[in-house]
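Structural description and commentary
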Number of protein chains: 2
Amino acid sequence: MIGCDDPAEPGKVGLTTAASDEAEFLRRYDAARYEKPSFTVDLVIFTVRDEHLHVLLVKRAEHPFKGCWALPGGFLDPRRDASVDACAARKLIQETGVRAPYLEQLKTYGSRDRDPRGWTATTVYFALMASESVRLLGNQAEASWVGVRGDQVDFELAFDHAQILADAVERLRSKLEYTHIAVHLLPEEFTLPELQRTYEIILQQPLDKSSFRRRVIQADMLEELTGKQRDGFGRPAQLYRFRDYGRRTFFPRSISRHAR
Amino acid sequence: MIGCDDPAEPGKVGLTTAASDEAEFLRRYDAARYEKPSFTVDLVIFTVRDEHLHVLLVKRAEHPFKGCWALPGGFLDPRRDASVDACAARKLIQETGVRAPYLEQLKTYGSRDRDPRGWTATTVYFALMASESVRLLGNQAEASWVGVRGDQVDFELAFDHAQILADAVERLRSKLEYTHIAVHLLPEEFTLPELQRTYEIILQQPLDKSSFRRRVIQADMLEELTGKQRDGFGRPAQLYRFRDYGRRTFFPRSISRHAR
DNA sequence: AGTGTATAGTTGCTTTTTACAACTAAAAGA
DNA sequence: TCTTTTAGTTGTAAAAAGCAACTATACACT
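This section reports on the structure supplied with the text. (Residues numbered from 1 in each chain as written. Chains lettered and ligands numbered in written order. Predicted model: local features only at pLDDT ≥ 70, side-chain atom pairs only at ≥ 80, totals over all residues. Heavy atoms only, no water.)

Bringing the pairing of strand E6 (residues 120-128) of chain A into the picture now. Residue and element names in this part refer to chain A. Burial of E6 is extensive: nine of the nine residues sit out of reach of the surface. A two-sided burial pattern is seen for E6, the buried positions comprising Thr120, Thr122, Val124, Phe126 and Leu128 on one face and Ala121, Thr123, Tyr125 and Ala127 on the other. Bridging between strand E1 (residues 38-49) and E6 involves nine bridges; their strand directions are parallel. Directly across from Phe46, in E6, lies its bridge partner Leu128. Sheet analysis places strand E5 (residues 102-111) next to E6, joined by nine bridges and oriented antiparallel. (Buried < 20%, exposed > 50% of the residue type's maximum accessible area, 1.4 Å probe, protein only. Helix = DSSP H or I, 4+ residues; strand = E, 2+ residues; numbered from the N terminus. Pairing = 2+ DSSP bridges.)

Below you can see the structure in the form of structure tokens.
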């Protein structure tokens, strides 16, 4: 049968014995280590303010692209970051002070020419948060919320960040079609009209009220806060809270429902 | 904190002169540069054979996990690979000789302890191909198609590859629900019963014939090869070919169709 | 040729889900 | 009280999916 006949001992990292094939391996490993690409983590942090989708950008203080706006992020620190996810969470807190609204890995971009300094790879995460919950910390760099038009901002971005932003917007829109993801763009307690407005802003089209409510409520991911309402101009709206058990989607009929 | 400031010179590396009275920042930057995580690319290559989903695995010839089965992959080579995508394509050809059936980035896994040698990150791709089109090249390593049961194989895998495989299977299943992706598991010309059978094998449940046909055909991504049929026991089946304009899904009603 | 059987493909009806529009409800202000 | 504004519901028609029975076309066997 097939098994692992030689489990490595974690912690003991190889330089020990003089087994010749192991030595050869280490030689090649060392060589490879010198030619590793640089590895960074970048963030696409979205929020909705003033009836528009916004993304958090920072102004670069150093070369390359000095003075240019870019997605926040930077080198992963192997001593500090136990994992790529942890690195992303750390950078998110650094920038926004917010611990865990919604953070999901988007994609990894890596090539020889995306950075003039040479081969780099960046793993990009996208985060959603309520604009109220954020106080920009912007460590040394100038940071700002920037409105997104279509799938881009009004000016040039550093590196391939324009493409990354476009991909992130596409992913956001596509996830909106079948998940409750937009709740993370609102405060913890919100009303259905607010949620619908958020969808409309991001999808850039009006939605039918009764269909929207039916779909969102039938998925059974919202908890009604009985008694609590939000006042406004007209009739007060019922408050809800998101509860995340299971990963139900909006589609009652996926293809597997053809089952007989 | 380490920012994306100084250009790294890819040739001139790290162990240089010790701490002169340079800035604390530079000292830590050099240290970090020396401690870049290792970067690899791994592949989850799927095919359907003998009425079951199979994945391509290789037996590791080196430490760690020597003798253990693992996903094919390895270090990215910055001199050879212009991009991460190119690296994945190169490794795919190395293993299977197949150029471009279907190759999509899955996710990046990186942490301090997924490899006993230290901090590593791996960007994983998943590929689909028709089993007929493959001749295993298995360079130096022993390679084999292995049946997938549920979302795993019957034995232990190296590193965190069991988790990666499970994630890949989940992604494959979920994409099957709303795309034509399964056509890449079949030869270029195929029949609707063959396609339906492929769906059933991967989703692990029987589907209704007329609903399946309606859905697949209405999405209008299949070209009927008039005149050509595939013979078998009973009535011959019509041959089709996949044509990939647009990215229509199986869902005629996404949430944005609520538009008014 | 005639019959059985195996697989491919279609059709018709029922049920479920959605779209759309009109309706009621609850607040504020004149 | 009446108008305005926003929230939320209901009823109906249309669309899509589920389900089952039907037809079609091949081969094998007698």
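Residues and elements named next belong to chain B. Reading across from one edge, E8-E10-E9 is the order of the three strands in this open sheet, with antiparallel pairing throughout. At either margin of the open sheet sits one strand with a lone partner, and together these are strand E8 (189-191) and strand E9 (222-230). For this sheet, the mean inter-axis angle between neighbouring strands, taken without regard to orientation, is 40 degrees. Both E8 and strand E10 (residues 237-242) contribute to a ladder of three bridges, which runs antiparallel. Counterpart to Thr191 in the pairing with E10 is Leu239. Helix-sheet contacts for helix H4 (residues 192-203) involve E8, E9 and E10, and the interaxial angle to E8 is about 80 degrees. (Axes fitted to C-alpha atoms, helices over the stretch in contact; angles between N-to-C directions. Contact = heavy atoms within 4.5 Å.)

Residues and elements named next belong to chain A. Ordered in space as E8-E10-E9, the three strands form an open sheet in which the pairing is antiparallel. With one partner strand each, in any of the chains shown, strand E8 (189-191) and strand E9 (222-230) form the two edges of the open sheet. Here the average twist between neighbouring strands, direction ignored, is 40 degrees. The pairing of E9 with strand E10 (residues 237-242) spans five bridges and is antiparallel. When the bridges of E10 are listed, Gln229 appears paired with Gln238. Docked against the sheet, helix H4 (residues 192-203) engages E8, E9 and E10, running at close to 80 degrees with respect to E8.

Remember, this is a structural readout, not a statement about activity or role.
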